[in-house]
Amino acid sequence: MVQKLKSLKVNSIMSSSPNRIVVESPSNIAFIKYWGKYGRQYPTNPSISMTLKNCKTIMDLEYTFEKSGVELFFEDELNEKFSLRIEKYLCSIEDILPEAKDLGLKIKSTNTFPHSAGIASSASAMSALGFALDKICTENKSIPHRASQLARLASGSASRSLMGPYAIWGEHDLIPGSSNDYALEATDIHENFLNMNDSILLIDKGEKSVSSSAGHALMNSHPYKEARVSQANENFRVMMNALATGDYDSFGNVLENEALSLHALMLTSDPSYILLKPLSLEFIQRLKFFRKEMPVYFTIDAGPNIHVIYPDSIKDAVVEFIEAFTKEHKIDAIHDSIGTGAKVLS
Ligand code: PMV
């Protein structure tokens, strides 16, 4: 079954008031995974992601510099925990955005995708917030990379959602100017990779059994930490090369190696986590058979859902294959595609 994304009517939350901004920002799917962090939300390895198009957050912010405090409504309901988290965040970014601590915000946030989908909602929401704050506090002069830096401090992978179709975050010798502070758009991309899709099989809609902060923390004392950092750096190099030359097989190999390595790290952490479900594995097996006919590969985030990544040229066949599986197992899928990042709506 196809899980329909909400088509949000932007008009209903638009306003002509000058102290208001409405932005949208998408989620992203990492091809090289950020797993492990240090210091002030710095990644222990470089990552690259594809920006999504339809799975996004729409954020409407009313703001004032006269009275501080945050009131956040998520899907029309006041969320006190989230409001407090953002208040704390605003106090923590004073060195980057001095105006933030005096800022009063009333935020209405809504996602086009269901919360239970296991799609990185923190990436879309926190990139929307960083993007909006940068605009609110800019006074017409944009500071390069600040929006991504603000997004990163709210949630690491959010730094990559602002731009597209591909974003890289974290230092690597191959990319001049790459930084642990913010993400950059990946520029050297072969046309083979410009029309990609991500179909997400919602294998299990339950709550995640490990938060991403707890997951990153597991890497601090992981016995394979050093090996993971060098593997990620090497995979990053191979992935960038594949994306630049259009080498689809090499791309697919690294894509799956990254997904399975992420889960292998969780399986061997202390405490350990088994996030894949029997149905995740069943689907992977089927996909491997299907690959004999169609060049299609998967990736997985820190959860049981499988992301199937493929070009437009084989879309009909892949969607048909996925729909047969979801129908047989009574689960949903979301079909999304490559996108370009955040924008101001009004
Ligand atoms: O940004 P966080 O803290 O939610 O971490 C995201 C981690 C992964 O989704 C597993 C990988 C990634 O690079 O997005």
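Residues numbered from 1 in each chain as written. Predicted model: local features only at pLDDT ≥ 70, side-chain atom pairs only at ≥ 80, totals over all residues. Heavy atoms only, no water.

Q: An account of the overall build of the protein is requested, with residue identities and associated values reported.
A: A tally of regular secondary structure across the protein gives eight helices and 14 strands. Its C-alpha radius of gyration of 20 Å places the protein within 12% of the 20 Å reference for a compact globule of 346 residues. Buried residues in the protein amount to 55% of all 346 residues. Expressed as a percentage of contacts within the protein between residues at least 6 apart in sequence, the contacts between residues at least 24 apart total 76%. Accessible area for the protein stands at about 15,500 Å²; split by element, carbon and sulfur atoms hold 51% of it. (Helix = DSSP H or I, 4+ residues; strand = E, 2+ residues; numbered from the N terminus. Rg over C-alpha atoms; globule rule 2.2 N^0.38 Å. Buried < 20%, exposed > 50% of the residue type's maximum accessible area, 1.4 Å probe, protein only. Contact = heavy atoms within 4.5 Å. Areas by Shrake-Rupley, 256 points an atom, 1.4 Å probe, with all protein chains shown as cover.)

Q: Let's hear about the site of the ligand: which residues, and what values?
A: Near the ligand, the surroundings consist of 13 residues, among which Y34, S157, R160, S212 and H216 are the closest. In this structure, H216 approaches the ligand through a side-chain N or O atom, which is 3.0 Å from an oxygen atom. Between D301 and the ligand, the recorded distance is 3.4 Å, taken from a side-chain N or O atom to an oxygen atom. For the ligand, whose accessible area on its own is 380 Å², the fraction buried by protein is 93%. According to the grid-proximity analysis, the pocket containing the ligand is the largest pocket. (Near = heavy atom within 4 Å. Polar contact = N/O pair within 3.5 Å; in protein donor to acceptor, adjacent residues only side chain to side chain. 1 Å grid on protein atoms, 1.4 Å probe; cavity = no way out; pocket = protein on both sides within 12 Å on 5 of 7 lines; lining within 4 Å. Sits in = over half its atoms within 2 Å of the grid points.)

Q: Tell me about the packing of aromatic side chains, and name the residues and values.
A: The geometry of two aromatic rings is summed up by the distance between their centres and the angle between their planes. Evaluation of the coordinates by the stated rule reveals twelve aromatic pairs. On the basis of an interplanar angle of 70 degrees and a centroid distance of 4.6 Å, the ring pair of Y34 and W169 is categorised as edge-to-face. Of the two residues, Y34 is situated in the loop between strand 1 (20-32) and strand 2 (37-38) and W169 in strand 8 (residues 166-169); the sequence distance between them amounts to 135 residues. For W169, a relative accessible area of 0% translates into the label buried. Judged by centre distance (6.2 Å) and plane angle (75 degrees), the ring pair of Y63 and F65 falls under edge-to-face. The exposure class of Y63 is buried, given its relative accessible area of 15%. An aromatic cluster is present here, built from F31, Y166, F193, Y248, F251 and Y297 joined pairwise through their rings. (Phe/Tyr/Trp six-rings, centres within 6.5 Å; stacked < 30°, edge-to-face > 60°.)

Q: Quick one: what's the story with the pairing of strand 4 (residues 47-64), residue by residue and with numbers?
A: It is a general feature of regular strands that their side chains alternate between the two faces of the sheet. Across the 18 residues of strand 4, 14 count as buried, placing the element largely inside the fold. When strand 4 meets strand 8, the two strands line up antiparallel, connected through four bridges. Of the residues in strand 8, the one forming a bridge with M50 is Y166. Looking at chain direction, strand 4 and strand 7 (residues 104-111) are connected through eight bridges and run antiparallel. For I58, the partnering residue across the bridge sits in strand 7 and is T110. (Pairing = 2+ DSSP bridges.)

Q: Describe in detail the packing of helix 5 (residues 225-245) against helix 6 (residues 248-267), supporting the description with residues and values.
A: Between helix 5 and helix 6, whose axes approach to 9 Å, the crossing angle comes to 155 degrees. Between helix 5 and helix 6, the angle falls in the class roughly antiparallel. Considering the relative orientation of helix 5 and helix 6, their crossing is left-handed. Only S250, F251, V254, L255, N257, E258, S261 and L265 of helix 6 make contact with helix 5, whose side of the interface consists of R228, Q231, A232, N235, V238, M239, A242 and L243. Broken down by class, the residue content of the contact of helix 5 with helix 6 amounts to nine nonpolar, five polar and two charged. (Axes fitted to C-alpha atoms, helices over the stretch in contact; angles between N-to-C directions. Parallel < 35°, antiparallel > 145°, perpendicular 65-115°, else oblique. Left-handed = near helix turned anticlockwise from the far one by under 90°. Nonpolar A, V, L, I, M, F, W, Y, C, P; charged D, E, K, R; others polar.)

Q: Can you break down the packing of helix 1 (residues 80-92) against helix 2 (residues 121-136) residue by residue, with the values?
A: Packed helix pairs are specified by the crossing angle of their axes together with the interaxial distance, meaning the distance between the axes. At their nearest, the axes of helix 1 and helix 2 sit 13 Å apart, and the two run at 45 degrees to each other. Relative to helix 2, the element helix 1 lies oblique. Crossing of helix 1 against helix 2: the hand is right-handed. Contacts between helix 1 and helix 2 involve F82, R85, I86, Y89 and L90 from the former and M126, L129 and L133 from the latter.

Q: Describe in detail the pattern of salt bridges, supporting the description with residues and values.
A: Summed over the entire model, instances satisfying the criterion amount to 16 salt bridges. For the salt bridge of E24 with K343, the shortest nitrogen-to-oxygen distance reads 3.6 Å. Taken as a pair, E24 in strand 1 and K343 in strand 14 (residues 343-344) lie far apart in primary sequence, 319 residues in all. What makes E24 buried here is its relative accessible area of 8%. Classification of K343 as partly exposed rests on a relative accessible area of 44%. Two residues, R152 and D181, come together in a salt bridge whose shortest N-O distance is 3.3 Å. (Salt bridge = Lys/Arg side-chain N within 4 Å of Asp/Glu carboxyl O.)

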